Amino acid sequence: MTTDAQVTPAPADAAQRGRLRAGLDRAVQGRALPIATVSLAIVLLWYALAVWLNADLQINRFERADQSWTFGELVLATWAQDRPMLPAPHQIVAELNKTVFQTGITSVRSLVYHSWVTLSSTLAGFAIGTLLGILLAVGIVHARALEKSLLPWIISSQTVPILAIAPMIVVVLGAIGLNGLIPKAVISMYLCFFPVAIGMVKGLRAPDPLQMDLMRTYSASRWQTFWMLRWPSSLPFLFASLKVAIAISLVGAIVAELPTGAQAGLGARMLAGSYYGQTIQIWSALVAASVLAASLVGVVALGERWAHRRMGAQP
Amino acid sequence: MNVRIDTTAPTRRALSRPDPWCAATLLLGVLALAFPLGAATDEAAAIGWLDRPGSLVALLALLGGAGLGLARQAGVVRGLGPAGYGFVLLAATALAMATALDVVHDLGAAATRGFWLVVLASWLIAWRAVDGVAAFSVRDLRVQRAVDTVVPAVFGLTLLFLWEVLTVGFGVPQVLLPAPSMIGERIASSTGTLWADFEQTFLKAVLSGYVMGCTAGLMVAVLVDRVAFLKRGLLPLGNLVSALPIVGIAPIMVMWFGFDWQSKAAVVVVMTFFPMLVNTVAGLGAADAQQRELMRSYAAGYWQTLVMLRLPSAMPFVFNALKINSTLALIGAIVAEFFGTPTVGMGFRISTEVGRMNVDMVWAEIAMAALAGSAFYGAVALVERAVTFWHPSFRQRR
């Protein structure tokens, strides 16, 4: 397409019109416009919902102040309450701006500080969990007895609502002198070893029998087969699992902060907000957590692309 | 030589190298005989093997099992396959473990080296037994399936055994980790409370939220599927949302819907909605072009095609979401209870009893939550097997 255009240059305005139409087509056919539309609809719906949910409280307040009000005033007032049922998006953005950019990052009021606390335990749990998951998968792939005895338990381990056990893990580990980051990391680890183990079992078995036979004809040892065949062919599965694992690891770290009265972290921030009815604070912590989750998944996706390119995949 | 793969390796290796598990067990067992079972105290002398003939018998059974393994390898004993030998070892292990439990409950923290060596030996032999039974393979699928459940069961029971023996034998404080037997007693003595919590959290919050969330997800997916523009816009957002920490909305839901189960159900609805949406939309695209063309050649309308072709072929995806959601739902409900509940419910009980250091009660709740979660998952899996029996993953292997 592009080379053709260079060989026979069209008149400037025609080309521009063509480009415009192509761009418009792409906008309708592609994802950007639909996503933008749906997002806009959500924001509008949000504002409407904020009016609807906050109206009762606001009318009450007006009546108590013996103040007459018009509908316009009511709407504006519902978007500017101190402790609304549902804060309007711009209130959350303002709170985020205040706690992220206007506050020093070492202050306990700074969301950056709380995000860092949560992030550090997320990453620690993620690292240990990934390692554990890979080790388990390697064991399972190489020993039949391990597969038969361990795999059912790995699967049923996830039907145990670990997040319910979180408070106890924190207390028990606290009793033997482990505080702060480690208990939270343990919970993250428990959540995120599972997708890695399952994905890697699948991935390490991904080489087809022909390839395995080839390795055998080369007289490759188990170790060589593992490094040269099984490991590389499991990488796509590994990264797919890692994306799930890092998201779930963040959930684990946040929830681990809830029941223990943790002093810092996004979970602690939510809990404090819920105690004092600071809805805007809860929502901004929630938004921060979401941004964190999205960027963590994004980083893993970048790593995936890098690894694929290193392995010679077509972009 | 070293390239030889699993199937032939054991028989060849057998001639040169003795089975390490059996050899180690034999060594440990003989070593154990040299030590007393229990330490001497002020009022009693050390407890030797002859004071406890039962444990001596159990130890001899272990030694016999291990010896049999070596004899098998040397070719002295013939006609006993790896699986058969595994079952023989299982019997010896069961005897040894039962005796060890009995001994450790009598001796408590007085158990000494002789005892621990036997525990170690029975663990090794249990592993060897599992290894043997895992090799079991017959044509009859039902028998095979039954034996295949033996392996993880033995593994789980061994873990429980070690947990019990270690906590009792080393006198681990109950606040840190209660023994399984204590947890069992607690479950038996407080069934009323446990049932009330189960009813509040599982029957009211989880089930209602799960049904509502999954139904809503399914219906929105069908709707979205009809409008291509909506599909392109909503799907990436749905994917994004499933990666977000949705449990975070729990405090907000508690604020909106009050302390009772309704707020927990609301959290569950939101948590289960997106996986269902994303999976169903993917599933609705799973029917292949030929099948769709066949429907068109039958002059089937949109709804007929949907009900007769596309929904059935989406079922594997739908059930995938149902299974994911079954665990998510329980997590959501329990976590939401941390933010305020009436004085009943599994999450409430866990957080209050941790505060009172009643750790055995917490473990009882956890055991029940695990049981409920597994049963829920299992039920969904059973329904899946009945509904999507045609799917390749359920065809009989081999």
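Because the structure is predicted, anything quoted here is derived from the model rather than measured.

Re the overall build of chain A
Stage number 1. Along its length, chain A carries 13 helices and zero strands.
Stage number 2. Counting helices and strands in the order they occur from the N terminus, chain A gives α-α-α-α-α-α-α-α-α-α-α-α-α.
Stage number 3. Taken over C-alpha atoms, the radius of gyration comes to 26 Å for chain A, far larger than the 20 Å a tight globule of 315 residues would show.
Stage number 4. With respect to the three principal axes, the spread of C-alpha positions in chain A is 90 × 80 × 35 Å.

What to know about the domain arrangement of chain A
Residues and elements named next belong to chain A.
Stage number 1. We note that the domain assignment places domain 1 (2-88) and domain 2 (111-310) within chain A.
Stage number 2. When each unit is reduced to the centre of its C-alpha atoms, the spacing between domain 1 and domain 2 is 36 Å.
Stage number 3. Residue-level contacts link eight residues of domain 1 with six residues of domain 2.
Stage number 4. If you look at where domain 1 meets domain 2, you find zero salt bridges.
Stage number 5. Across the domain 1-domain 2 interface, the total number found is one residue pair in polar contact (both at pLDDT 80 or more).

As for the domain arrangement of chain B
Interface size is commonly expressed as the accessible area that is lost once the parts come together.
Stage number 1. Per the domain assignment, the segments making up chain B are domain 1 (9-172) and domain 2 (187-394).
Stage number 2. Placing the centre of domain 1 of chain B and that of domain 2 of chain B at their C-alpha centroids yields a distance of 43 Å.

A few points about the packing of aromatic side chains
Stage number 1. Going through the model one piece at a time under the given rule, you end up with 17 aromatic pairs over all chains.
Stage number 2. Taking the centre distance of 6.2 Å and the plane angle of 40 degrees together, the rings of F226(A) and W231(A) count as tilted.
Stage number 3. Ring plane angle 5 degrees and centroid distance 4.5 Å describe the contact between W116(B) and F170(B), whose orientation is recorded as stacked. Remark: F170(B) occurs in the loop between α6 (141-169) and α7 (180-189) and W116(B) occurs in helix α5 (residues 113-134); sequence separation between them is 54 residues.
Stage number 4. Using a relative accessible area of 17% as the deciding quantity, one classes W116(B) as buried.
Stage number 5. Through successive ring pairs, a cluster of aromatic residues spans W195(B), F198(B), F202(B), Y210(B) and F376(B).
Stage number 6. Sitting over the face of the ring of Y302(B), R226(B) holds its NZ or CZ atom 3.7 Å from the ring centroid.

Quick look at the pattern of salt bridges
Residues and elements named next belong to chain A.
Stage number 1. Applying the stated criterion across every chain, the model contains 10 salt bridges over all chains.
Stage number 2. Between K98 and E95 there is a salt bridge whose closest N-O contact spans 3.9 Å. Residue K98 and its partner E95 are both found in helix α5 (residues 89-101); the two are separated by three residues, about one turn of the helix.
Stage number 3. A residue is classified by how much of its surface remains accessible, and K98, at 49% relative accessible area, is partly exposed.
Stage number 4. Exposure remark for E95: the relative accessible area of 15% places this residue in the buried category.
Stage number 5. A salt bridge links D213 to R216; the shortest N-O distance between them is 3.6 Å. Placement of both D213 and R216 in helix α10 (residues 209-217) is noted, with a separation of three residues, approximately one turn of the helix.
Stage number 6. Residue classification places D213 among the partly exposed positions, given a relative accessible area of 37%.
Stage number 7. Classification of R216 as partly exposed rests on a relative accessible area of 42%.

Remarks on the interface of chain A and chain B
Stage number 1. Each side of the interface is counted separately: chain A has 59 residues, and chain B has 54 residues.
Stage number 2. Buried area between chain A and chain B, summed over both chains or domains, comes out near 4,800 Å², and the portion from carbon and sulfur atoms is 80%.
Stage number 3. Contact with chain B buries area across many residues of chain A, yet K148(A), T159(A) and M168(A) alone supply 13% of it, more than any other trio.
Stage number 4. Taken together, the links from chain A to chain B amount to zero salt bridges.
Stage number 5. For the pair chain A and chain B, the interface holds one residue pair in polar contact (both at pLDDT 80 or more).
Stage number 6. Here the side of chain A that touches chain B gets nine residues from one element, more than from any other, and that element is helix α13 (residues 279-310) of chain A.

Some points on the side chain of E384(B)
Stage number 1. The topology assignment puts E384(B) in helix α15 (residues 359-387).
Stage number 2. Within the structure, the side chain of E384(B) is placed 2.9 Å from the side chain of K323(B), a separation counted as a polar contact.

Some words on the UniProt feature "transmembrane region" (unreviewed entry) in chain A
All names here are of chain A.
Stage number 1. Mapped onto this numbering, the UniProt entry gives "transmembrane region" (unreviewed entry) at residues 32-53, 116-138, 150-176, 237-260 and 280-302.
Stage number 2. Taken as a whole, residues 32-53 contains 100% helix and 0% strand, while its terminal C-alpha atoms sit 31 Å from one another.
Stage number 3. Measuring from the first to the last C-alpha atom of residues 280-302 gives 33 Å, for a span that is 100% helix and 0% strand.

Quick word on a nonpolar patch on the surface
Residues and elements named next belong to chain A.
Stage number 1. A cluster of nonpolar side chains, I176, L178, L181 and I182, forms an exposed patch at the surface whose accessible area comes to about 310 Å².
Stage number 2. Mapped onto the secondary structure, L181 falls in helix α9 (residues 181-204).
Stage number 3. On the basis of relative accessible area, L181 is assigned to the partly exposed category, the value being 37%.

Description of the side chain of E337(B)
Residue and element names in this part refer to chain B.
Stage number 1. Its place among the elements puts E337 in helix α13 (residues 302-337).
Stage number 2. Despite its burial, E337 remains without a salt bridge, the nearest opposite charge being carried by K264 at 6.0 Å.
Stage number 3. Among the polar contacts listed, one links the side chain of E337 to the side chain of T201, at a separation of 2.8 Å.
Stage number 4. Side-chain polar atoms of E337 contact the backbone nitrogen of M346, separated by 3.3 Å.
Stage number 5. The residues touching E337, leaving out its near neighbours within four places in the chain, are Q200, T201, K264, G345, M346, G347 and F348.

So, the nonpolar core
Stage number 1. In terms of nonpolar packing, the biggest core is built from 96 residues, with L163(A), M168(A), I187(A), V335(B) and I366(B) touching the most fellow members.
Stage number 2. With 13 residues, the top contributor of residues to this core is helix α11 (residues 222-257) of chain A.
Stage number 3. Beyond its immediate sequence surroundings of up to four residues, I187(A) is in contact with I162(A), L163(A), A166(A), I169(A), V170(A), G252(A) and A256(A).
Stage number 4. Grouped together as the second largest cluster of nonpolar side chains are 41 residues, L90(B), A111(B), I125(B) and A129(B) included.

Quick word on the packing of helix α8 (residues 191-226) of chain B against helix α9 (residues 228-242) of chain B
Residue and element names in this part refer to chain B.
Stage number 1. Between α8 and α9, the shortest axis-to-axis distance is 5 Å and the interhelical angle comes to 125 degrees. Classed by the angle they form, the pair α8 and α9 counts as oblique. Contacts between α8 and α9 involve V220, V224, D225 and R226 on the former and, on the latter, A228, L230, K231 and L234.

Things to note about the environment of F194(A)
Residues and elements named next belong to chain A.
Stage number 1. Here F194 shows up in helix α9.
Stage number 2. Taking the C-alpha atoms as reference, F194 lies 18 Å from S121; in sequence the two are 73 residues apart.
Stage number 3. Not counting residues within four places of it along the chain, the set of residues in contact with F194 comprises I154, I155 and Q158.

Focus on helix α3 (residues 32-64) of chain A
Residues and elements named next belong to chain A.
Stage number 1. Over its 33 residues, α3 runs 47 Å from end to end, which matches the ideal 48 Å to within 8%, given 1.5 Å per residue.
Stage number 2. At A55, α3 shows its largest kink, close to 50 degrees.
Stage number 3. Immediately downstream of α3, the backbone of D66 shows phi near 55 degrees, a positive value.

The rules behind these values
Residues numbered from 1 in each chain as written. Chains lettered and ligands numbered in written order. Predicted model: local features only at pLDDT ≥ 70, side-chain atom pairs only at ≥ 80, totals over all residues. Heavy atoms only, no water. Helix = DSSP H or I, 4+ residues; strand = E, 2+ residues; numbered from the N terminus. Rg over C-alpha atoms; globule rule 2.2 N^0.38 Å. Domains from an automatic or database assignment. Contact = heavy atoms within 4.5 Å. Salt bridge = Lys/Arg side-chain N within 4 Å of Asp/Glu carboxyl O. Polar contact = N/O pair within 3.5 Å; in protein donor to acceptor, adjacent residues only side chain to side chain. Phe/Tyr/Trp six-rings, centres within 6.5 Å; stacked < 30°, edge-to-face > 60°. Buried < 20%, exposed > 50% of the residue type's maximum accessible area, 1.4 Å probe, protein only. Lys NZ or Arg CZ within 6 Å of the ring centre and 35° of its normal. Buried area = accessible area lost by both parts, 1.4 Å probe. UniProt positions renumbered as here; feature names shortened; annotations may be inferred. Patch = residues over 30% accessible without salt bridge, like charges linked within 9 Å, V, L, I, M, F, W, Y side chains within 5 Å. Areas by Shrake-Rupley, 256 points an atom, 1.4 Å probe, with all protein chains shown as cover. Lys, Arg positive; Asp, Glu negative; His and termini not counted. Core = buried A, V, L, I, M, F, W, Y, C linked by side-chain atoms within 4.5 Å. Axes fitted to C-alpha atoms, helices over the stretch in contact; angles between N-to-C directions. Parallel < 35°, antiparallel > 145°, perpendicular 65-115°, else oblique. Expected span 1.5 Å × (residues − 1). Bend = angle between axes of the 7 residues up to and from the residue.

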